Amino acid sequence: MATSATQEKVHFDSVDAIPLGEINVANPYLFQNDTVGEYFTRLRREDPVHYCAESRFGPYWSVTKFNDIMAVDTNHKVFSSEAKLGGIAVQDMHGIEGALELEMFIAMDQPKHDQQRKAVSPVVAPSNLLLLEPIIRERAGAILDSLPVGEEIDWVKLVSVELTTMTLATIFDFPWDERAKLTRWSDITTASPETGIIESFEQRREELIQCAMYFKGLWDQRIDQPGGNDLISMMAHSPATRDMPFLEFLGNLLLLIVGGNDTTRNSISGGVLALNQNPGEYQKLRDNPALVSKMIPEIIRWQTPLTHMRRTALEDAEIGGKQIRKGDKVVMWYLSGNRDETVIDRADQFIIDRENPRHHLSFGFGIHRCMGNRLAELQLRIIWEEILKRFRFVEVVGEPERLLSNLVRGITRLPVKLHAH
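Residues numbered from 1 in each chain as written. Predicted model: local features only at pLDDT ≥ 70, side-chain atom pairs only at ≥ 80, totals over all residues. Heavy atoms only, no water.

**Q** Any chance you could break down the overall build of the chain for me, citing the residues and the numbers?
**A** The helix and strand tally for the chain stands at 15 helices and 12 strands. Among the 421 residues that make up the chain, the fraction classed as buried is 55%. Excluding contacts between residues fewer than 6 apart, the proportion of contacts in the chain whose partners are at least 24 apart in sequence is 69%. Total accessible area on the chain is roughly 17200 Å²; 52% of this is exposed by carbon and sulfur atoms. (Helix = DSSP H or I, 4+ residues; strand = E, 2+ residues; numbered from the N terminus. Buried < 20%, exposed > 50% of the residue type's maximum accessible area, 1.4 Å probe, protein only. Contact = heavy atoms within 4.5 Å. Areas by Shrake-Rupley, 256 points an atom, 1.4 Å probe, with all protein chains shown as cover.)

The structure is reproduced here in structure tokens:
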């Protein structure tokens, strides 16, 4: 069984030829070359709660069907997110030499989770989103108006990254001219050395400490000012977050940066790709631009920007007829659950006018359901409304390049040409 990173890279057989017990869907190369779907299809069919005994992430359970994932995600009393037990990803962050052990509310159990989440959730309250909408729309328009028509460009760099970083800078009230720092910090938070984004965990640690020091400077300025409606002011003035230990402060910041950046960025890119792969749906959208609001949750389901969340069993439990032992690592593969034909009609098709498009797992469920889901949908809706006003066709003209990651389903480059009306 291949467990090292180099072995993983060359260890591709036809999916059906691999003995069931040897399937390791956490292999990041399966995501980079976009073949992991075949593995998930087989697991849903033959072994929906699957035990992988040997991988470089240690042994873990894969939960691949929609209803089983829901059962784990909504049962936080049995399935813990606690950082000290390994946290929320198949890769344990503790015990890696040179890595920074961060704490954040997504990797906390009750009651601390709720207290810290409550402190920052007003930034995505409906009233604040109403204030943000015209700002995001103006920026989306400016970004699109700056693009050349008929020339090959990288959509990820010029549109997806740009819009999400601008929005993030706004909700943090971050110095505008330095906003590219947010993109960098988002990229390195989930990176490992083999991705090429960082060279070592030590380098990642150093850069994240720089990130924390930068934000500490903003915090120190704002703690003496009356509460603003940006995230840093909210954290500085809430009793639940005001006296956080340093690593907790950094962890929560990075959670909000990644949550506000990676996910929306990759859905903006993923939507363009999905429409190009499904030209009939793109035509449907051109014929009826009002379908945008239904299309947005379908893009988020289709892309599934975070492929998984992990939990640790606090006691013996049963999922899908399998016995899970206390201490076992349980991985909920949202990407697989979002393709579960038994729950979602024609789940392996991209359909922009689905009956019930919000019936997906991309935002999770239970106490850890994505806090910024409405902000993500807002940005996607606005960018597509503005695209449709300006361009008849955003044409993908080359193969997408994908991130080497089993957590963030990222598109790192997407060559396109724009066609005016």
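**Q** For helix α12 (residues 279-287), give the residues involved together with the corresponding values.
**A** Note: α-helices contain 3.6 residues per turn, so residues at a spacing of three or four share the same orientation. Glu281, Tyr282 and Leu285 are the residues of α12 that are buried. End-on view of α12: buried residues confined to an arc of 100 degrees, all on one side of the axis. Turned more than 90 degrees away from the buried face of α12, the exposed residues are Pro279, Gly280 and Asp287. (Arc of directions from axis to C-beta.)

**Q** With reference to specific residues and values, describe the pattern of salt bridges.
**A** Scanning the entire structure with this criterion turns up 33 salt bridges. Here Asp230 ties to Arg222 by a salt bridge, and the two come within 2.8 Å at their closest N and O atoms. The exposure class of Arg222 is buried, given its relative accessible area of 7%. One salt bridge connects Glu377 with Arg358, and the closest N-O pair in it is separated by 2.5 Å. Linking Glu377 in helix α15 (residues 373-390) with Arg358 in the loop between α14 (334-337) and α15, this pair joins segments that are 19 residues apart in sequence. Given the relative accessible area of 43%, Arg358 is considered partly exposed. Salt bridges linked by common partners bring Glu133, Arg137, Asp145, Arg381, Glu385, Glu386, Lys389 and Arg390 together as one network. (Salt bridge = Lys/Arg side-chain N within 4 Å of Asp/Glu carboxyl O.)

**Q** Lay out empty space enclosed by the protein with the relevant residues and their values.
**A** Counted by the stated rule, this structure contains three cavities of 30 Å³ or more. Its volume calculated, the second largest cavity comes out at about 40 Å³. Taken together, Phe31, Gln32, Arg402, Leu403, Ser405, Val408, Arg409 and Gly410 form the lining of the second largest cavity. In terms of residue class, the lining of the second largest cavity is made up of three nonpolar, three polar and two charged. (1 Å grid on protein atoms, 1.4 Å probe; cavity = no way out; pocket = protein on both sides within 12 Å on 5 of 7 lines; lining within 4 Å. Points joined across faces, edges and corners; volume = space filled by probe spheres on them. Nonpolar A, V, L, I, M, F, W, Y, C, P; charged D, E, K, R; others polar.)

**Q** Would you mind going over the packing of aromatic side chains in detail, with residue names and values included?
**A** For any pair of aromatic rings, the description consists of the separation of the ring centres together with the inter-plane angle of the planes. Tallying each qualifying case throughout the model produces 13 aromatic pairs. Considering the side-chain rings of Phe174 and Tyr214, the 5.1 Å spacing of their centres and the 25 degrees angle between planes classify their relative orientation as stacked. In this pair, Phe174 sits in the loop between α7 (155-172) and α8 (180-189) while Tyr214 sits in helix α9 (residues 201-222), placing the two residues 40 residues apart along the sequence. Of the residues examined, Phe174 reaches a relative accessible area of 3% and is grouped as buried. A network of ring pairs unites the aromatic residues Phe172, Phe174, Trp185, Tyr214 and Phe215 as a single cluster. The side chain of Arg179 reaches across the aromatic face of Trp176, ending 4.5 Å from its centre. Across the ring face of Trp302, the terminal group of Arg339 is positioned such that the distance to the ring centre comes to 4.1 Å. (Phe/Tyr/Trp six-rings, centres within 6.5 Å; stacked < 30°, edge-to-face > 60°. Lys NZ or Arg CZ within 6 Å of the ring centre and 35° of its normal.)

**Q** Which residues make up the sheet that holds strand β4 (residues 153-154), and what values go with them?
**A** Strand pairing in a sheet relies on backbone hydrogen bonds, with the paired strands running either antiparallel or parallel. In space, the three strands of this open sheet follow the order β4-β12-β9, with antiparallel pairing throughout. Looking at the sheet topology across the chains shown, the edges are occupied by β4 and β9 (391-396). Across two bridges, the pairing between β4 and strand β12 (residues 415-420) is antiparallel. What sits directly across from Asp154, in β12, is Pro415. (Pairing = 2+ DSSP bridges.)

**Q** Hey, could you go over the sheet that holds strand β3 (residues 79-80) for me, with residue numbers and the actual values?
**A** Strands sit in the order β1-β2-β8-β5-β3 across an open sheet of five strands; the sheet is mixed. A strand with exactly one partner marks an edge of an open sheet, and here the two such strands are β1 (49-52) and β3. Here four bridges tie β1 to strand β2 (residues 60-63), and the two strands are oriented antiparallel to one another. Paired with Cys52 across the two strands is Tyr60, which belongs to β2.

**Q** Let's hear about the nonpolar core: which residues, and what values?
**A** Residues Trp155, Phe172, Phe215, Leu285 and Trp384 are the most contacted members of the largest nonpolar core, which totals 75 residues. If one sorts the elements of this core by residue count, helix α11 (residues 246-277) sits on top with 11 residues. Not counting residues within four places of it along the chain, the set of residues in contact with Trp155 comprises Leu144, Leu147, Ser160, Ile268, Ser269, Val272, Ile387, Val394, Leu414, Val416 and Leu418. Judged by nonpolar contacts, the second largest core, of 20 residues, contains Phe66, Ile69, Val72 and Tyr334. (Core = buried A, V, L, I, M, F, W, Y, C linked by side-chain atoms within 4.5 Å.)

**Q** Can you break down helix α3 (residues 36-46) residue by residue, with the values?
**A** Turning to α3, its buried residues are Val36, Tyr39, Phe40, Arg42, Leu43 and Arg44. Contacts from the buried residues of α3 go to α2 (28-32), β1, β8 (329-333) and α14.

**Q** Tell me about the layout of surface pockets, residues and numbers included.
**A** Of the volumes computed, that of the second largest pocket is approximately 410 Å³. As for the second largest pocket, its lining consists of 21 residues, and the residues nearest its centre are Asp34, Gly37, Trp302, Arg339 and Arg409. Of all the elements in the fold, those that place two or more residues in the lining of the second largest pocket are α3, α11, α13 (292-303) and α14.

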